[in-house]
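# Geometric and topological summary
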Amino acid sequence: APLLEMRSITKDFPGVKALADVNLVVRPGEIHAICGENGAGKSTLMKVLSGVYPYGTYTGSIIYQGSQTRFSDIRSSERAGIVIIHQELALVPGMSITENIFLGNEPRRLGRIDWTAANRKALELMSMVGLKDDPDTLVKDIGVGKQQLVEIAKAFAKDVKLLILDEPTAALNENDSRHLLDLLKGFKQRGITSIMISHKLNEIEAIADSITILRDGHTIETIDVASDGANEDRIVRGMVGRELNSR
Ligand code: ADP
Ligand code: MG
Ligand code: MG
């Protein structure tokens, strides 16, 4: 059975049909790429899933782990193990790596934040994502590649089953991008399911098991890479609606 099915999701903003009858099926343990040009509806679809836009502001159904689900806010989707890392990182620049990892979610002992435990746990999470800095370092003093890793460590401070990354490599250099893609592959070995929004064909081809293509708020198709192959022409045709060389 799929881990997640979104069926016939429709969402309007004033004057804009952002999503029209969009379908998405994600299998457990896979890396599922969602691709499409700017404005296709990718971020909106993931905001619907994660409760940023609660039921009532969209129509359609979400079946997660076998049951129909309507998240009323981000907290409730996180309790179900769905963690989204948005395009705009949600870090506090003037706070340390440890503080950011646990923000609002700090380990407590006798009612107080247990900073010894927090630092120990932060180091474990940092090593999981390959971040070797001092956990007391302020987030504003590390580069964007490392900041993205802090966001991922923060996701794993929660009990994540489905990790959603919205264009995670958009601001990263080639080395940082490669490190991040390798991490996602490593998480997959450990049974974590990921959804990665991207429009970079090379990285989609490098890691995706399935690819769902959105265009103008519509689902164009889902490609099962193992059986259909990730054909670059097919992806581009889906994204732009015609052959690239006929532009
Ligand atoms: P993508 O992530 O694929 O670039 P988005 O989901 O951000 O696309 O946007 C889909 C469409 O919805 C676009 O036309 C965008 O302008 C519009 N849109 C997104 N968010 C809002 C919003 N908060 N208010 C109004 N329109 C929005
Ligand atoms: Mg966009
Ligand atoms: Mg977007």
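Predicted, not measured: the structure shown is a model, and the values here were computed from it.

### So, the environment of E221
Here E221 lies in strand 12 (residues 218–224). Once the C-alpha coordinates of E221 and E232 are considered, the two residues, 11 residues apart in sequence, prove to be 14 Å apart. Those residues within four positions of E221 in sequence are excluded, and the remaining contacts are I213 and G238.

### Topic: helix 5 (residues 144–157)
Helix length check: helix 5 (14 residues) gives 20 Å between terminal C-alpha atoms against 20 Å at 1.5 Å per residue, within 8%. Across the 14 residues that make up helix 5, a large majority, 11, are buried. Taken together, the buried positions of helix 5 are occupied by K146, Q147, Q148, L149, V150, E151, I152, A153, K154, A155 and A157.

### Some thoughts on the site of ligand 1
Close to ligand 1 lie F13, V16, A18, G36, N38, G39, A40, G41, K42, S43 and T44, which account for all nearby residues. Listed by contribution, the elements that provide at least two residues to the shell around ligand 1 are strand 2 (16–26) and helix 1 (42–49). With 3 residues, helix 1 is the single largest residue contributor to the shell around ligand 1. Residues of the shell around ligand 1, tallied by class, amount to 4 nonpolar, 6 polar and 1 charged.

### Description of the nonpolar core
A33, L45, I101, V150, A153, I164 and I211 are the most contacted members of the largest nonpolar core, which has 61 residues in total. A total of 6 residues in this core trace back to one element, the largest contributor, which is helix 5. Two domains each provide a minimum of three residues to this core, namely domain 1 (4–81 + 160–246) and domain 2 (91–158). Discounting residues that sit within four places of it in the chain, I101 has contacts with A122, L125, V150, A153, K154 and A157.

### Let's talk about the domain arrangement of the chain
It is common to give the size of an interface as the accessible area that goes away when the parts come together. Partitioning the chain into domains gives domain 1 (4–81 + 160–246) and domain 2 (91–158). Of note, the centres of domain 1 and domain 2, computed from C-alpha atoms alone, are 26 Å apart. Listed as interface residues are 11 residues of domain 1 and, on the opposing side, 9 residues of domain 2. In terms of residue count, the dominant contributor to the side of domain 1 that touches domain 2 is helix 6 (residues 174–189) (4 residues). A breakdown of the residues in the side of domain 1 that touches domain 2 according to their chemical character gives 7 nonpolar, 2 polar and 2 charged.

### Some remarks on the sheet that holds strand 6 (residues 82–85)
Taken in spatial order, the 6 strands of this open sheet run 6-9-10-3-11-12, and their pairing is mixed. The strands lining the two open edges of the sheet, one partner per strand, are strand 6 and strand 12. Shown here is a sheet whose adjacent strand axes are inclined to one another by a mean of 15°, direction ignored. Judged from the 4 bridges that link them, strand 6 and strand 9 (residues 162–166) form a sheet pairing that is parallel. Its bridge partner being in strand 9, V83 is matched across the sheet by L163. Contacts between helix 1 and the sheet are confined to strand 3 (31–35), strand 6, strand 9, strand 10 (193–197) and strand 11 (210–215), with strand 10 contributing the most and set at about 145° to the helix.

### A short note on the pairing of strand 1 (residues 4–13)
One ladder, built from 7 bridges, connects strand 1 with strand 2; its direction is antiparallel. Looking across to strand 2, one finds that L4 is bridged to V26. Taken together, strand 1 and the strand that follows it, strand 2, pair antiparallel across an intervening segment of 2 residues, in which G15 is found at a positive phi of about 80°.

Calculation rules
- Residues numbered from 1 in each chain as written.
- Chains lettered and ligands numbered in written order.
- Predicted model: local features only at pLDDT ≥ 70, side-chain atom pairs only at ≥ 80, totals over all residues.
- Helix = DSSP H or I, 4+ residues; strand = E, 2+ residues; numbered from the N terminus.
- Contact = placed C-beta atoms within 7 Å.
- Expected span 1.5 Å × (residues − 1).
- Buried ≥ 20, exposed ≤ 12 C-beta atoms within 10 Å, placed from the backbone.
- Near = placed C-beta within 6 Å.
- Nonpolar A, V, L, I, M, F, W, Y, C, P; charged D, E, K, R; others polar.
- Core = buried A, V, L, I, M, F, W, Y, C linked by C-beta atoms within 7 Å.
- Domains from an automatic or database assignment.
- Pairing = 2+ DSSP bridges.
- Axes fitted to C-alpha atoms, helices over the stretch in contact; angles between N-to-C directions.

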